[in-house]
Amino acid sequence: MARKRFVVIFSGTIAVLVLMAAVTSRLAAQTPQLTAKYFSSYARAHRVTISRNGNVMTTLDIPVGVWLSVYSDQEPVRTGQDGRVEFHGNVEIRTMPDADVQRPGPADAARMMASAPLVVAAQNVDVLSETVIP
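Every chain is numbered independently, its residues counted from 1 as its sequence is written. The predicted origin of the model limits local features to residues at a pLDDT of at least 70 and limits the giving and counting of side-chain atom pairs to 80 or more, whereas totals for whole chains, interfaces and linings rest on all residues. Computation of side-chain values covers all heavy atoms of the structure but excludes hydrogens and water.

Engineer: Account for the overall build of the protein, with residues named and values stated.
Structural biologist: Only DSSP runs of H or I covering at least 4 residues are called helices, and only runs of E covering at least 2 are called strands; the numbering of each starts at the N terminus. Of the regular secondary structure elements, the protein holds two helices and seven strands. Written out in order from the N terminus, the α and β elements of the protein read α-β-β-β-β-β-β-α-β. In the protein, which comprises 134 residues, the proportion classed as buried is 31%. Surface exposure of the protein reaches about 8900 Å², of which carbon and sulfur atoms provide 57%. Relative accessibility decides the category of a residue: with a 1.4 Å probe and only protein chains considered, values under 20% of the type maximum give buried, values over 50% give exposed, and everything between is partly exposed. Here the open area of atoms and residues is found with the Shrake-Rupley method and a 1.4 Å probe, where only the protein chains shown may cover a residue.

Right under this line is the structure:
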């Protein structure tokens, strides 16, 4: 009887440890797997428009004081206009308030943005990032 009780307790302990490891790894910051990267400072406001087949799906207004990063599986297209960058294909948009950035500063922007609290991912889309100049 004591052996059966030990096996049940031991099995329960193993199950709890496996569950904790799975939850911990899921909560860890995820670095984007997309190769092209674009980062913008918190010092400028941005308007990010996501569209597909020419139809606007949504627009995000990113205020001053929020870091912006865009990852894509294709290189960004810089238009002739200052402050406009286009992305096509699979895209991931991340934002992080400047107050959440660990100081003394973002030595590695990709690592910093891996813990961004807002992540928007979309497949087969067109994304336009525009710097908003008041």
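Engineer: Residues and numbers for the environment of His46, please.
Structural biologist: Of note, His46 is situated in strand 2 (residues 45-52). Classification of His46 by relative accessible area gives buried; the value is 1%. Apart from residues no more than four positions distant in its own chain, His46 is found in contact with Tyr38, Ser40, Ser41, Leu60, Asp61, Ile62, Leu68, Ser129, Glu130, Thr131 and Val132. Here, two residues are considered to be in contact whenever any of their heavy atoms come within 4.5 Å of each other.

Engineer: Help me get a handle on the pattern of salt bridges, residues and values and all.
Structural biologist: We define a salt bridge as a side-chain nitrogen of Lys or Arg found within 4 Å of a carboxyl oxygen belonging to Asp or Glu. All chains considered together, the criterion is met by three salt bridges. Between Glu92 and Arg94 there is a salt bridge, with its nearest N and O atoms 2.6 Å apart.

Engineer: Help me get a handle on the pairing of strand 3 (residues 55-62), residues and values and all.
Structural biologist: A pair of strands is considered paired only if DSSP assigns at least 2 bridges between the two. As paired elements, strand 2 and strand 3 share seven bridges and run antiparallel to each other. Paired with Ser51 across the strands is Val56, a residue of strand 3. The hairpin turn running from strand 2 into strand 3, its antiparallel successor, is two residues long, and Asn53 in that turn takes a positive phi close to 55°.

Engineer: Run through the nonpolar core, naming residues and quoting values.
Structural biologist: Taken as a class, soluble globular proteins show a tendency for nonpolar side chains to be buried jointly. Here the nonpolar core consists of buried residues drawn from Ala, Val, Leu, Ile, Met, Phe, Trp, Tyr and Cys, with membership extended through side-chain atoms lying within 4.5 Å. Of all hydrophobic cores here, the largest spans 14 residues; its most connected members are Val48, Val70, Phe87, Val91, Ile93, Val125 and Val127. Those elements giving two or more residues to this core turn out to be strand 2, strand 4 (66-72), strand 6 (84-97) and strand 7 (118-132). Ignoring anything within four residues of it in the chain, the contact list for Phe87 reads Tyr38, Val70, Ser72, Pro76, Val125, Asp126, Val127 and Ser129. Formed by nine residues, the second largest nonpolar core is a distinct cluster that contains Leu34, Met96, Val101 and Met112.

Engineer: I'd love a proper account of unusual backbone geometry, names of residues and values included.
Structural biologist: Positive phi outside glycine occurs at Asn53, with the angle close to 55°. Along the chain, Asn53 falls in the loop between strand 2 and strand 3. In this structure, Asn124 takes a positive phi of about 55° despite not being glycine.

Engineer: If you had to explain the side chain of Asp98 to someone new, which residues and values would you point to?
Structural biologist: Note that Asp98 resides in the loop between strand 6 and helix 2 (109-113). Residue Asp98 is classed as buried on the basis of its relative accessible area of 15%. Reaching out from Asp98, the side chain makes a polar contact with the side chain of Trp67 at a distance of 2.9 Å. For the purposes of these results, a polar contact is taken to be a pair of N or O atoms within 3.5 Å, where, inside protein, one atom must be able to donate a hydrogen and its partner to accept one; residues adjacent in sequence count only when each atom of the pair is a side-chain atom.

Engineer: Give me the environment of Ala109: which residues, what numbers.
Structural biologist: Among the structural elements, Ala109 can be located in helix 2. A relative accessible area of 25% places Ala109 in the partly exposed class. Linking Ala109 and Ser69, residues 40 residues apart in sequence, is a C-alpha distance of 8.6 Å.

Engineer: Let's hear about the side chain of Glu92: which residues, and what values?
Structural biologist: If you trace the backbone, Glu92 turns up in strand 6. A polar side-chain atom of Glu92 sits 2.6 Å from a polar atom in the side chain of Arg94.

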